[in-house]
Amino acid sequence: MRRATKALLLLSAAALAAAPFAARAQNPLSPEPMSTQPSSEAPAAPKPAAAPSTQPASPGAIEAAPLAPPAAQIQAPPPASAPAAPASAPMTPAPVPASRAPTTVQAEPAKPKPKPKPPAPPREMALSDDPTPVLQPETFFTTAKASERYAAIVDAGGWPAVPSELKPGAKGPAVAILRRRLAVEGDIVGAEANGMNWTPALTAAVKRFQFRNGLKQTGIVAGATLRAMNIPANVRFKQLASSAQRLAGLNFPFGDKYVAVNIPSTAVDAVENGRVAHRYAAIVGGPEHQSPQLTAKIVAINLNPTWTVPVSIIKNEIIPKMRTQPNYLARAHIRILNGRGEEINPKAIDWNSERATNYILRQDSGKGNSLGLIRIQMPNPDAVYMHDTPTRNLFANDYRFLSHGCVRVQGVYDLAAWLLQGVPVTPAPTSEQASVALAPAISSDLGVWTAALIQQRIASGAREDVKLPKPVPVVWVYLTGWASADGMVHFRDDVYNVDTVGG
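Structural notes, computed from the coordinates. Since the model is a prediction, treat every value here as computed from it, not as a measurement. (Residues numbered from 1 in each chain as written. Predicted model: local features only at pLDDT ≥ 70, side-chain atom pairs only at ≥ 80, totals over all residues. Heavy atoms only, no water.)

### Structural notes on the overall build of the chain
Phase 1 of the analysis: Check the secondary structure of the chain and you find 10 helices and 15 strands.
Phase 2 of the analysis: Going through the 503 residues of the chain one by one, you find that 41% of them count as buried.
Phase 3 of the analysis: In the chain, the proportion of contacts linking residues at least 24 apart, taken out of those at least 6 apart, comes to 70%. (Helix = DSSP H or I, 4+ residues; strand = E, 2+ residues; numbered from the N terminus. Buried < 20%, exposed > 50% of the residue type's maximum accessible area, 1.4 Å probe, protein only. Contact = heavy atoms within 4.5 Å.)

Given below as structure tokens:
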């Protein structure tokens, strides 16, 4: 039984691990790395042709495959009254009535049927609905205290490993182990910490554990939930201690309104008066292109932005492509500009050198732009932003560490409208790209910025920078373990592998 269970767990882990590397269509110029996975499926082998039938075809039958000619044609002797044919004359077979003649149709070879794609693994992660922000003024203190509590858990021997998948209706020693495991972290208390039967209180405790770990609250112990339960206590202590250390040097001007991005959670909190007004799924930097921890101020919303290609992408991606695809920049709508803003012909650049890094490469605004159609402008030394994306399907992934460092926001239009609350709506600018047919779609109500109005302004094709009269603070943090003001402890995976305190 143990061996079968282990195999089942390995299969579940393999299915989950494959999800992040699923092939996806993406703009090759995206500030996010292109990640494609060659199909592991070989084309299905053609089915062998059926052996020729040895049975005579019924009248009017159509064969699915050509019949082999008979080995010999048997000829009936002529009637006695008929004169014998000369010996040298060839024998002519009697005509066969058309209604009885077998019909042979040459069929096209059957095409091999493609193998069906395996179903995508079920999503196990969930965007938290906790109204408490991931980062509050007291988060450093509460997280440091939580690290002390988990250090004591480690010293006491940690917690037991849950041996197998469990769900409501289960009973026996494994359920008793699950109860003890949940009791160590406080997800279940009192008499419910003991017993071998499944109860509604145990379901609630499992859901509480899932809530704290950013998982779907199914009440079932399997897959990602089982793996999270069996992460050792000393690892959880290291996450809390390391996160507390990172918060120790944070100098962030909390206010009535601010934005907090927790990179391990791949989530963006829009905080107002100490509560989460909106929370959005995000795509953040991958392990090779980590999103930085930073504090900045949001000063404007850029509609139909252009994208200035970073030097690292020019060097590592653009130059190699131009060596084999001379029309690459034209297809991607990227212009080369010198220091005076004059456009340079790509043919004038020696692409076997790194001369292109001396120029500005700028992608035109539009649907194919790597920043999408909207950018949240937040000047910072790392030149990273929060922005839209032309590959919105990637928000459906559990694994969303896919960018070159910027943060892509699923509800970016809604976030922009929230940031622009109280900002006067000015008339839309004109643009040579704006369509006359789209002009009447611009709302005549210039009183309030809404997500719909922002999308209408974008549809005009005009570039527009909407400035915030009062900048909004924004912070990007890396918290794999933290405790909120009420003491609840949360965990996320250390994808960047940087939690080393206490190790």
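### Here we look at the packing of helix 9 (residues 412-419) against helix 10 (residues 451-459)
Phase 1 of the analysis: Two numbers describe how helix 9 lies on helix 10: the axes approach to 8 Å, and their chain directions differ by 110°. Here helix 9 lies roughly perpendicular to helix 10, going by the angle between them. Along the contact surface, helix 9 presents Tyr413, Asp414, Ala416 and Ala417, while helix 10 presents Ala451, Ile454, Gln455 and Ile458.
Phase 2 of the analysis: The class makeup of the residues in the contact of helix 9 with helix 10 is 6 nonpolar, 1 polar and 1 charged. (Axes fitted to C-alpha atoms, helices over the stretch in contact; angles between N-to-C directions. Parallel < 35°, antiparallel > 145°, perpendicular 65-115°, else oblique. Nonpolar A, V, L, I, M, F, W, Y, C, P; charged D, E, K, R; others polar.)

### Topic: the nonpolar core
Phase 1 of the analysis: The biggest cluster of nonpolar side chains holds 44 residues, and the ones touching the most others in it are Val268, Ile298, Met386, Leu419 and Ile454.
Phase 2 of the analysis: Setting aside residues up to four positions removed in sequence, leucine 419 forms contacts with Lys257, Val259, Ile298, Ile301, Ile376, Leu468 and Val472. (Core = buried A, V, L, I, M, F, W, Y, C linked by side-chain atoms within 4.5 Å.)

### What about the environment of lysine 367?
Phase 1 of the analysis: Checked against the element boundaries, lysine 367 lands in the loop between strand 8 (360-363) and strand 9 (374-377).
Phase 2 of the analysis: Along the primary structure lysine 367 and threonine 389 are separated by 22 residues, whereas in three dimensions their C-alpha atoms are 8.9 Å apart.

### Considerations on the pattern of salt bridges
Phase 1 of the analysis: Overall, the coordinates contain 15 salt bridges when judged by the stated rule.
Phase 2 of the analysis: With a shortest N-O distance of 3.4 Å, arginine 123 and aspartate 398 are connected by a salt bridge. One end of the pair, arginine 123, is in the loop between helix 1 (2-18) and helix 2 (139-155); the other, aspartate 398, is in the loop between strand 10 (386-387) and strand 11 (401-403), with 275 residues separating them in the sequence.
Phase 3 of the analysis: In this structure, glutamate 343 engages arginine 335 in a salt bridge whose closest nitrogen and oxygen atoms are separated by 3.3 Å.
Phase 4 of the analysis: Taking relative accessible area as the criterion, arginine 335 reaches 37% and is therefore assigned partly exposed.
Phase 5 of the analysis: Linked through salt bridges whose partners overlap, the residues forming this network are Arg181, Glu185, Asp187, Arg208 and Arg212. (Salt bridge = Lys/Arg side-chain N within 4 Å of Asp/Glu carboxyl O.)

### Thoughts on the environment of arginine 123
Phase 1 of the analysis: By relative accessible area, arginine 123 is classed as partly exposed at 36%.
Phase 2 of the analysis: Between the alpha carbons of arginine 123 and alanine 224 there is a distance of 9.7 Å; along the sequence they are 101 residues apart.
Phase 3 of the analysis: Ignoring sequence-local partners within four residues, the contact set of arginine 123 consists of Lys216, Phe395, Ala396, Asn397, Asp398 and Arg400.
Phase 4 of the analysis: Of note is the side chain of arginine 123, whose polar atom sits 3.1 Å from the backbone oxygen of alanine 396.
Phase 5 of the analysis: Within the structure, arginine 123 has its side chain in polar contact with the side chain of aspartate 398 (distance 3.4 Å). (Polar contact = N/O pair within 3.5 Å; in protein donor to acceptor, adjacent residues only side chain to side chain.)

### With respect to the sheet that holds strand 5 (residues 307-308)
Phase 1 of the analysis: As summarised here, the arrangement of the 4 strands in space is 5-8-6-7, forming an open sheet in which the pairing is antiparallel. A strand with exactly one partner marks an edge of an open sheet, and here the two such strands are strand 5 and strand 7 (343-344).
Phase 2 of the analysis: The sheet contact formed by strand 5 and strand 8 spans 2 bridges and is antiparallel. Note on strand 8: the bridge partner recorded for tryptophan 307 is glutamine 363. (Pairing = 2+ DSSP bridges.)

### A few points about the side chain of asparagine 304
Phase 1 of the analysis: Within the secondary structure layout, asparagine 304 lies in the loop between strand 4 (294-303) and strand 5.
Phase 2 of the analysis: According to the relative accessible area criterion, asparagine 304 is buried, its value standing at 4%.
Phase 3 of the analysis: One polar contact links the side chain of asparagine 304 to the main-chain carbonyl oxygen of isoleucine 458, over a distance of 3.0 Å.

### With respect to helix 3 (residues 173-185)
Phase 1 of the analysis: Every buried residue belonging to helix 3 is among Ala174, Val175, Ala176, Ile177, Leu178, Arg179, Arg181, Leu182 and Glu185, and all of these are buried.
Phase 2 of the analysis: Contacts made by the buried residues of helix 3 are with helix 2, helix 4 (200-212), helix 5 (223-229) and strand 15 (489-491).
Phase 3 of the analysis: Looking one or two residues beyond helix 3, the residue adopting positive phi is glycine 186, at roughly 90°.

### Side note on the pairing of strand 8
Two faces make up the sheet, and in a regular strand the side chains alternate between them.
Phase 1 of the analysis: On strand 8, burial follows the alternation: Leu361 and Gln363 on one face are buried, whereas Ile360 and Arg362 on the facing-out side are not.
Phase 2 of the analysis: The pairing of strand 6 (residues 334-337) with strand 8 spans 4 bridges and is classified as antiparallel. When the sheet's bridge partners are listed, leucine 337 is paired in strand 8 with isoleucine 360.

### Structural notes on the packing of aromatic side chains
Phase 1 of the analysis: Applying the stated rule across the entire model yields 8 aromatic pairs.
Phase 2 of the analysis: Taking 5.0 Å as the distance between ring centres and 85° as the angle between the ring planes, the aromatic pair formed by phenylalanine 252 and phenylalanine 254 counts as edge-to-face.
Phase 3 of the analysis: Residue phenylalanine 254 is classed as partly exposed on the basis of its relative accessible area, which comes to 29%.
Phase 4 of the analysis: Note on tyrosine 478 and tyrosine 496: the rings are 5.0 Å apart at their centroids and 15° apart in plane angle, and the pair reads as stacked. Placement of the pair is tyrosine 478 in the loop between strand 13 (464-477) and strand 14 (481-483) and tyrosine 496 in the segment after strand 15, with a sequence separation of 18 residues.
Phase 5 of the analysis: Across the ring face of tryptophan 159, the terminal group of arginine 181 is positioned such that the distance to the ring centre comes to 3.9 Å.
Phase 6 of the analysis: A cation sits over an aromatic face here: arginine 375 above tyrosine 385, 4.6 Å from the ring centre. (Phe/Tyr/Trp six-rings, centres within 6.5 Å; stacked < 30°, edge-to-face > 60°. Lys NZ or Arg CZ within 6 Å of the ring centre and 35° of its normal.)

Spatial relationships are all this shows, so hold off on functional conclusions.
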